Amino acid sequence: CRGMPLLREPLCKKLRDLLIPVNLYPKDQMITTVREFNVGDMAIQAVAAALLFVFGLFQIYSKTESEAAAIREQDLFLLRLGMKEKERKRLMHRQIHKPFWISAAAGVVVEAVFALLTFENRSYQPDDILRYTIAAVVFTIFYYLLWEIWLTYMERKIWKGMGKQK
């Protein structure tokens, strides 16, 4: 309270006590509290990611089902023109998978930019960057593999429906 002659010593002491942060918890308890918070936060994020994934699966299901009739008509037309079954399957595969892979490529670009900005802003060490990158690549491959399985299932479902139509 130097330079403030109007403030008396007891008032200065109270002000100083208010301005200086006080650690109310022991270090071990703070670490436990932070870990519990992080686990809870990760659980909430995992549930949100799972819900988004399920909603995405439903969205692809709805899109594919709504386009199934047009795909069947196109296949019947191509069959009557004399196109081979293998070529028709390849065409249908591209029609179903292409929109997903375009958005997947955009997602990888966004993920990479976000990761690079995070590394820059938080000054991560090279070991941390390597661990994050490996985890991100493994998770992304697993995630896209699940999508590929789902899209292939939808493709086969439509193809079976076309067999009944002919």
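1. Observations concerning the confidence of the model for the protein chain
Within the protein chain, residue pLDDT values average 82, and 81% of them lie at 70 or more. The least confident element of the protein chain, judged by mean pLDDT, is helix α1 (residues 9–19) at 61; the most confident is helix α3 (residues 85–122) at 89.

2. Here we look at α3
The end-to-end C-alpha distance of α3 is 54 Å, a good match for the 56 Å that 38 residues give at a rise of 1.5 Å each. For α3, the full list of buried residues reads Arg88, Met92, Ile96, His97, Phe100, Ala104, Ala115, Thr118 and Phe119. Positive backbone phi, at 50°, marks Ser123, one or two positions downstream of α3.

3. Digging into the pattern of salt bridges
Following the criterion strictly, the structure yields five salt bridges and no others. Among the salt bridges present, the one from Glu67 reaches Lys63, with a minimum N-O distance of 3.0 Å. Here Glu67 pairs with Lys63, and both are found in helix α2 (residues 27–81), just four residues apart, close to one helical turn. Glu67 gets classed as partly exposed once you look at its relative accessible area, which sits at 32%. Note on Lys63: relative accessible area 30%, which makes it partly exposed.

4. With respect to the environment of Arg88
Here Arg88 lies in helix α3. With ten residues separating them in the primary sequence, Arg88 and Leu78 have C-alpha atoms 7.3 Å apart. A distance of 3.1 Å separates a polar atom in the side chain of Arg88 from the backbone oxygen of Met83.

5. What about the packing of aromatic side chains?
Going through the model one piece at a time under the given rule, you end up with twelve aromatic pairs. Relative to Trp101, the ring of Phe100 lies with its centre 4.9 Å away and its plane at 75°, an arrangement referred to as edge-to-face. Looking at Phe100, the relative accessible area reads 8%, which means it is buried. In this structure Trp101 comes out as partly exposed when scored by relative accessible area, which is 35%. Note on Tyr143 and Trp147: the rings are 6.3 Å apart at their centroids and 75° apart in plane angle, and the pair reads as edge-to-face. In this pair, Tyr143 and Trp147 both sit in helix α4 (residues 126–165), four residues apart, roughly one turn of the helix.

6. Description of the side chain of Thr118
Inspection of the secondary structure puts Thr118 in helix α3. For Thr118, the side chain forms a polar contact with the main-chain oxygen of Phe114, separated by 2.8 Å.

7. Here we look at the nonpolar core
In terms of nonpolar packing, the biggest core is built from 15 residues, with Met92, Ile96, Phe100, Trp147 and Ile158 touching the most fellow members. Those elements giving two or more residues to this core turn out to be α2, α3 and α4.

Criteria and cut-off values
- Residues numbered from 1 in each chain as written.
- Predicted model: local features only at pLDDT ≥ 70, side-chain atom pairs only at ≥ 80, totals over all residues.
- Heavy atoms only, no water.
- pLDDT = per-residue confidence, 0-100.
- Helix = DSSP H or I, 4+ residues; strand = E, 2+ residues; numbered from the N terminus.
- Expected span 1.5 Å × (residues − 1).
- Buried < 20%, exposed > 50% of the residue type's maximum accessible area, 1.4 Å probe, protein only.
- Salt bridge = Lys/Arg side-chain N within 4 Å of Asp/Glu carboxyl O.
- Polar contact = N/O pair within 3.5 Å; in protein donor to acceptor, adjacent residues only side chain to side chain.
- Phe/Tyr/Trp six-rings, centres within 6.5 Å; stacked < 30°, edge-to-face > 60°.
- Core = buried A, V, L, I, M, F, W, Y, C linked by side-chain atoms within 4.5 Å.

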